[in-house]
Amino acid sequence: VILLDEVDKVGADWRGDPSAALLEVLDPAQNSTFRDHYLDVELDLSEVVFIATANQAETIPGPLLDRMEVIRFDGYTVAEKVAIARDYLWPRQRERNGLTPDEVSISDDMLKTVVSEYTREAGVRNLERELGTILRKTATGVASGKADAPVEIDLELVRDALGRQKVFQEAALRTAVPGVATGLAVTGTGGDVLFVEATS
């Protein structure tokens, strides 16, 4: 089994086009006699299972995508992100920033606030980054004596570390106005709500 990670980031430039070589590698009709031009030997890749990952299918070259069986995974829900943050991301970032469970804690409500007001993504990469920022700010405060352990992360600390709210849930507010309808769009970060406005 060979894993090709982030195959949607493959790009062509003056050095060549890697996707052209991948066409031959991934095609079962051709890859039994794939020739490696670097080593100048023939390799039998017919027994190899290739698994490619991508964030979006749109940027994968068409001929390459035709040779793949696409399996789509849904992005995480808010509840799933909160559970992942609580069980994995928060403990990992806390350890990286030199804090113990006795020195800092965060509630599920605060994690939900960080997820819904500071990140808009299908995965949890930015969420981990934001939690790291909160913990660095907290660790600095504890080390300098400005904060006394144990620290309970509240809304004031979140706003202080991350700044003002970045993502607004405006669907209810916008659709309360006459002449506004909603639509859905698929984006690289999962999706978004479109507001279609009609004016006289």
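No experiment lies behind these values; they were computed from the predicted model shown. (Residues numbered from 1 in each chain as written. Predicted model: local features only at pLDDT ≥ 70, side-chain atom pairs only at ≥ 80, totals over all residues. Heavy atoms only, no water.)

**Observations regarding the packing of helix 4 (residues 108-118) against helix 6 (residues 155-162)**
Spelled out, the test is: For helices, the fitted line uses only the C-alpha atoms of the stretch in contact; every axis is such a line through C-alpha atoms, and the angle between N-to-C directions lies from 0 to 180 degrees. Secondary structure elements are taken from DSSP: a helix is a run of H or I of four residues or more, a strand is a run of E of two residues or more, and numbering for both begins at the N terminus. Crossings are sorted by hand: turned counterclockwise from the far helix by less than a right angle, the near helix makes the crossing left-handed, and turned clockwise it makes it right-handed. Whether two residues are in contact is decided by their heavy atoms, any of which lying within 4.5 Å being enough. Asp, Glu, Lys and Arg are counted as charged, while Ala, Val, Leu, Ile, Met, Phe, Trp, Tyr, Cys and Pro are counted as nonpolar; the rest, among them Gly, fall into the polar class.
Relative orientation of the contacting elements helix 4 and helix 6 amounts to 35 degrees, with a least axis distance of 10 Å. As for the relative orientation of helix 4 and helix 6, their crossing is right-handed in sense. Within the contact between the two elements, helix 4 uses Met110, Thr113, Val114, Glu117 and Tyr118 and helix 6 uses Leu155, Val158, Arg159 and Leu162. Tallied by class, residues from the contact of helix 4 with helix 6 come to six nonpolar, one polar and two charged.

**Remarks on helix 5 (residues 125-144)**
Heads up, the rule is: Multiplying 1.5 Å by the residue count of a helix minus one yields the expected span of that helix.
The terminal C-alpha atoms of helix 5, which comprises 20 residues, lie 29 Å apart, in line with the 28 Å expected from a rise of 1.5 Å per residue. On its buried face, helix 5 sits against helix 3 (78-96), strand 5 (104-106), helix 4, strand 6 (151-153) and helix 6. Phi turns positive one or two residues past the end of helix 5, at Gly145, with a value near 85 degrees.

**Brief notes about the side chain of Gln165**
Where we set the bar: Under this definition, polar contacts are N or O atom pairs within 3.5 Å; protein pairs additionally need one hydrogen-donor-capable and one acceptor-capable atom, and for neighbouring residues in sequence, both atoms have to be side-chain atoms.
By the element assignment, Gln165 lies in the loop between helix 6 and helix 7 (171-175). Here the side chain of Gln165 touches Val167 through a polar contact of 2.7 Å, landing on its backbone oxygen. Excluding residues that lie within four positions of it along the chain, Gln165 makes contacts with Glu117, Tyr118 and Arg159.

**Re the confidence of the model for the chain**
Stated formally: What pLDDT conveys is the predictor's confidence in a given residue, as a value from 0 to 100.
For the chain, per-residue confidence averages 87 on the pLDDT scale, and residues scoring 70 or more make up 99% of the total. The least confident element of the chain, judged by mean pLDDT, is helix 7 at 76; the most confident is helix 3 at 95.

**A word on the side chain of Ser19**
Tracing the backbone shows Ser19 in helix 1 (residues 18-26). With near-sequence residues (within four places) excluded, Ser19 lies in contact with Val10, Pro61 and Leu64.

**Quick word on a nonpolar patch on the surface**
Spelled out, the test is: Like charges are joined within 9 Å and nonpolar side chains (Val, Leu, Ile, Met, Phe, Trp, Tyr) within 5 Å, but only among residues with over 30% relative accessible area and no salt bridge; these make up the patches. Accessibility throughout is a Shrake-Rupley quantity obtained with a 1.4 Å probe, and a residue counts as covered only by protein chains that appear here. The salt bridge criterion pairs a side-chain nitrogen of Lys or Arg with a carboxyl oxygen of Asp or Glu, the two atoms within 4 Å. For every residue, the accessible area obtained with a 1.4 Å probe (protein chains only) is divided by the maximum for its type, and the residue is called buried under 20%, exposed over 50%, and partly exposed between those limits.
Nonpolar side chains collect at one region of the surface, where Val1, Leu3, Val49 and Ile51 lie side by side and expose about 410 Å² of accessible area between them. Mapping Val49 onto the fold places it in the loop between strand 3 (41-43) and strand 4 (50-52). Judged by relative accessible area, Val49 falls into the partly exposed class, the value being 48%.

**Points about a negative patch on the surface**
Here is the rule: When charges are counted, neither His nor the chain ends are considered; positive counts come from Lys and Arg and negative counts from Asp and Glu. Just so you know, the charge point we use is NZ for Lys, CZ for Arg, CG for Asp and CD for Glu.
Taken together, the side chains of Glu152, Asp154, Glu156 and Asp160 make up a negatively charged region of the molecular surface. Position of Glu152 among the secondary structure elements: in strand 6.

**A look at helix 6**
Stated formally: The directions considered for the arc run from the helix axis to the C-beta atoms.
Among all positions of helix 6, only Val158, Ala161 and Leu162 are buried. Seen along its axis, helix 6 keeps its buried residues to an arc of 80 degrees; they face one direction. Next to the buried residues of helix 6 lie helix 4, helix 5 and strand 6. Just downstream of helix 6, Gly163 is the residue with a positive phi angle, here 85 degrees.

**A short note on the pattern of salt bridges**
Counted under the stated rule, the structure contains twelve salt bridges. The residue Arg159 makes a salt bridge to Glu117 at a minimum N-O spacing of 2.8 Å. Of this pair, Arg159 sits in helix 6 while Glu117 sits in helix 4; the two residues are 42 residues apart in sequence, bridging distant segments of the chain. Accessibility expressed as a relative area gives 28% for Arg159, which makes it partly exposed. When salt bridges with common partners are traced through the structure, they connect Glu6, Asp8 and Lys9 into a single cluster.

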